[in-house]
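Observations on the model geometry
Each chain, letter by letter, is given below.
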Amino acid sequence: MGIEDILMHDESLFQNINAFDPDYVPPNYNFRDTQMEAMAMSIRPAMRRGQPSNAVVLGSPATGKTTAMRKVFELVEKNTEKVVCVYINCQIHTTKFGIFSQIHKKIFGHAPPETGVPFSRIYDQIMKKLQKDSKTLIVALDDINYLFQSNNANKVVYDLLRAYEEYPGVKTSIFAILSDLEFKYAFDKNVSTVFIPQEIIFPLYTYPEIEAILRDRVNAGFFPGVLSDDILEQISMYTLENGDLRVGINLLRSCGNIAEADASREITQEHFEKAIESLVSINIIETLNNLSDNERTLLKLVADYEGVYTTGELFDLFKEETGNGKSSFNRTLDKLEFVRLVDTKFTGKGVKGNSREIILRFNPDDYEL
């Protein structure tokens, strides 16, 4: 089939291709009631002019943290005008000015000028407006770990939570959302005295939950009969093994595109296998692009070695290359395992039998490190 045929082929398998977008919010959002109730309980006092609680929202990527937060914010704003909810993606907004610009935009309907206005004036405008209107500010900092990387986390959290000292009556709270399962980032002492959060945990989805969520996407995105139960089960199992719901959603879209280009009225086993092949390499490239310098250094050390490293040998090289100590090494190695670039296997040797072998999960010759 030539490219003209693909472009001219006006029959689509998709009734709504947006159902496979990462930011698509399904009308029926299931399996996260407990977490959403905990979020709502933290915010509830603010609806009666009380002090809302702070929270840390923890869970692996694609466990529904962002969607749940957005849904709760939507409900709060529908039920009261006394609470201003601001969702901020810290991958995009990494500076103090960037964060408070987003808050300003939500409160005043427009962002402040990027130059010529000192930060203190923008901060003053925000807090005085909250004070005047008797409104509580709740800020969700999604992927807050990016603020730690840019050394802005302490400043942002301090300025938000200490506002009441300078602006009596102003109430603020923070939802810190992150995918690191252990909240390892330490705030300064003056911040940790005001940021005392409750933890809201988002566990990995189970197989029946994954299948139900993907089935909802199939029903919303494809026409009836396009995807068989058998292939949906294979996609659900692959998603479970990879521990990331986005993998399954991307696979569905990819299967549809490949079947459509093939002028097929349904997705076949062959289309599914082709989709898997293309997805694996895209995922690895994306993960590699998002690594920090330390993570990339450690990964290169593993990739350049012909045998299998133990943690002891690898740590010595890592320290030599970066000058970093054992805790930094362990954190970096845990991250590489968490994003599924390496596997580690306990050998029963070393101190307390804690030595691990490090095995690369992909062929380094296929990718640029």
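Everything below is about the structure shown above.
Every chain is numbered on its own, with residues counted from 1 as its sequence reads. A pLDDT threshold of at least 70 governs which residues receive local features in this predicted model, and a stricter bar of 80 or more applies before side-chain atom pairs are shown or counted, although totals over entire chains, interfaces and linings include all residues. Calculated side-chain values reflect all of the structure's heavy atoms, with hydrogen atoms and water omitted.

1. Observations regarding the overall build of the chain
- Numbering of helices and strands starts at the N terminus; helices are DSSP runs of H or I of at least 4 residues and strands are runs of E of at least 2. The helix and strand tally for the chain stands at 16 helices and eight strands.
- Seen through its C-alpha atoms, the chain measures out along the principal axes to roughly 65 × 60 × 40 Å.
- Buried residues in the chain amount to 42% of all 369 residues.
- By the convention used here, residues are in contact when the closest approach between their heavy atoms is within 4.5 Å. Relative to all contacts within the chain whose residues are 6 or more apart in sequence, the contacts with residues 24 or more apart total 70%.
- Only the protein chains shown count as cover for residues, with accessible areas throughout obtained via the Shrake-Rupley method and a probe of 1.4 Å. Within the structure as shown, the chain displays about 19400 Å² of accessible surface, and the carbon and sulfur contribution to it stands at 48%.
- Here Asp and Glu are counted as negative and Lys and Arg as positive; His is not counted, and neither are the chain ends. We put the charge of a Lys on NZ, of an Arg on CZ, of an Asp on CG and of a Glu on CD. Looking at the chain, you have 40 positive and 53 negative side-chain charges, and the mean spots of the two groups are 12 Å apart. Exposure is judged per residue with a 1.4 Å probe applied to protein chains only, and the accessible area is read against the type maximum: over 50% gives exposed, under 20% gives buried, and values in between give partly exposed.

2. A closer look at the environment of Gly98
- Looking at where Gly98 falls in the secondary structure, it is placed in helix 4 (residues 96–108).
- On the basis of relative accessible area, Gly98 is assigned to the buried category, the value being 14%.
- With 79 residues separating them in the primary sequence, Gly98 and Ala19 have C-alpha atoms 30 Å apart.

3. Description of the nonpolar core
- To qualify as a nonpolar core, a set must consist of buried Ala, Val, Leu, Ile, Met, Phe, Trp, Tyr and Cys residues joined through side-chain atoms within 4.5 Å. Counting residues in each nonpolar core, the largest one holds 48 residues, and the members touching the most others are Met39 and Phe175.
- In terms of residues, this core owes the most to one element, helix 12 (residues 245–261), which gives seven residues.
- In terms of nonpolar packing, the next biggest core, distinct from the first, is built from 36 residues, Val56, Ile88, Val139 and Val157 among them.

4. Some thoughts on the packing of aromatic side chains
- A pair of aromatic rings is counted whenever rings of Phe, Tyr or Trp (Trp by its six-membered ring) have centres within 6.5 Å, and the orientation is called stacked for planes under 30 degrees apart, edge-to-face for over 60 and tilted otherwise. The final tally for this structure, using the stated rule, is eleven aromatic pairs.
- The interplanar angle of 70° and the centroid separation of 6.1 Å between the aromatic rings of Tyr123 and Tyr167 together place this pair among those described as edge-to-face. Highlighted residues: Tyr123 in helix 5 (residues 119–133) and Tyr167 in the loop between helix 8 (163–166) and strand 4 (172–178), separated in sequence by 44 residues. In terms of burial, Tyr123 and Tyr167 fall into one category: buried.
- In textbook terms, an aromatic cluster arises when at least three aromatic residues are bridged by ring pairs, as seen for Phe100, Phe119, Tyr123 and Tyr167.

5. A few points about the sheet that holds strand 4
- If DSSP finds at least two bridges between two strands, the strands pair. Read across the sheet, five strands follow the order 2-3-4-1-5 without closing on themselves; strand pairing throughout is parallel. Edge strands, defined here as strands with exactly one partner in the open sheet, are strand 2 (83–89) and strand 5 (198–202). Pairs of neighbouring strands in the sheet enclose a mean axial angle of 15°, with direction left out of account.
- As paired strands, strand 2 and strand 3 (residues 136–142) are joined by seven bridges and run parallel to one another. The axes used here are C-alpha line fits, helices contributing only the stretch in contact, and every angle between their N-to-C directions lies in the interval 0 to 180 degrees.

6. Comments concerning unusual backbone geometry
- In this structure, Phe31 is a non-glycine residue whose phi angle is positive, near 70°.
- When you line up the elements, Phe31 lands in the loop between helix 1 (3–8) and helix 2 (33–43).
- Overall, the relative accessible area of 34% leaves Phe31 in the partly exposed class.
- Positive phi, normally seen in glycine, also occurs at Ser134, with a value near 50°.
- Inspection of the secondary structure puts Ser134 in the loop between helix 5 and strand 3.

7. Let's talk about the pattern of salt bridges
- When a carboxyl oxygen of Asp or Glu is within 4 Å of a side-chain nitrogen of Lys or Arg, the pair counts as a salt bridge. Counted under the stated rule, the structure contains 13 salt bridges.
- Arg215 is the salt-bridge partner of Glu211, the closest N and O atoms lying 3.0 Å from each other. Pair noted here: Glu211 and Arg215 are both in helix 10 (residues 207–221), with a separation of four residues, about one helical turn.
- A residue is classified by how much of its surface remains accessible, and Glu211, at 16% relative accessible area, is buried.
- Between Arg215 and Asp229 there is a salt bridge whose closest N-O contact spans 3.1 Å.

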